[in-house]
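Each chain, letter by letter, is given below.
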Amino acid sequence: MAVISLRLNEKEESMIEFLSNYYEQDRSALIKYSLKELYEDIIDKEAINEFEAKEKKGEVRFIDSSEIINELFQNSG
């Protein structure tokens, strides 16, 4: 396991303290959680960009919830 030294100015330290208290997590857990969230944001953005590229090519399309409901009612009887 790696140990990382992190230098924070007073404002950043205050933010960490506030968030640590708010989320009831120690500083280390809070920073790890934040890193995971940032990484997941990148993965989500890549998936969205991939979908939008396919959508522009006409390979896929977004289906509105009303379309799904109408389809379900049409097929139910």
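Below, the structure is looked at part by part. (Residues numbered from 1 in each chain as written. Predicted model: local features only at pLDDT ≥ 70, side-chain atom pairs only at ≥ 80, totals over all residues. Heavy atoms only, no water.)

### Some points on the overall build of the protein chain
Stated precisely, the cut-off is as follows: The way it works is that DSSP assigns letters per residue, a run of H or I at least four long becomes a helix, a run of E at least two long becomes a strand, and they are numbered from the N terminus. C-alpha atoms define the radius of gyration in this analysis, and the globule rule sets the expected value at 2.2 Å times the number of residues to the power 0.38. Only four residue types enter the charge count: Lys and Arg as positive, Asp and Glu as negative, with His and the chain ends excluded. In plain terms, the charge of a residue is placed at NZ if it is Lys, CZ if Arg, CG if Asp and CD if Glu.
Regarding its fold elements, the protein chain presents three helices and zero strands. Helices (α) and strands (β) of the protein chain occur, in sequence order from the N terminus, as α-α-α. Its C-alpha atoms give the protein chain a radius of gyration of 22 Å, clearly above 11 Å, the size a compact globule of 77 residues would have. Structurally, the protein chain occupies a C-alpha span of about 60 × 30 × 25 Å along its principal axes. Side chains of the protein chain give 10 positive and 18 negative charges; the mean places of these two sets differ by 5 Å.

### A few points about unusual backbone geometry
Applicable threshold: Each residue is assigned to one of three classes by its accessible area relative to the maximum for its type, calculated with a 1.4 Å probe on protein chains only: buried under 20%, partly exposed between the two thresholds, exposed over 50%.
Even without being a glycine, E24 presents a positive backbone phi close to 55°. For E24, a relative accessible area of 72% gives the class exposed.

### Notes on the packing of aromatic side chains
As a reminder, the rule being used: Side-chain rings of Phe, Tyr and Trp, where Trp is taken by its six-membered ring, are said to pair if the distance between their centres is within 6.5 Å; with planes under 30 degrees apart they count as stacked, over 60 as edge-to-face, and otherwise as tilted.
Within the structure shown, the criterion is met by two aromatic pairs. A ring pair is formed by F18 and Y22, whose centres lie 5.9 Å apart and whose planes are at 25°; its orientation type is stacked. With F18 and Y22 both in helix α1 (residues 10-23) and four residues apart, this pair spans about one turn of that helix. On the basis of relative accessible area, F18 is assigned to the exposed category, the value being 53%. What makes Y22 exposed here is its relative accessible area of 57%.

### Section: the pattern of salt bridges
Stated formally: A side-chain nitrogen of Lys or Arg and a carboxyl oxygen of Asp or Glu constitute a salt bridge if their distance falls within 4 Å.
Within this structure, the stated rule accounts for three salt bridges. Between E50 and K54 there is a salt bridge whose closest N-O contact spans 3.6 Å. Here the residue E50 and the residue K54 both occupy positions in helix α2 (residues 27-56), the gap between them amounting to four residues, near one helical turn. For R61, the salt bridge goes to E67, with nearest N and O atoms at 3.1 Å. Given a relative accessible area of 52%, R61 falls into the exposed group. When its relative accessible area of 33% is taken as the criterion, E67 is described as partly exposed.

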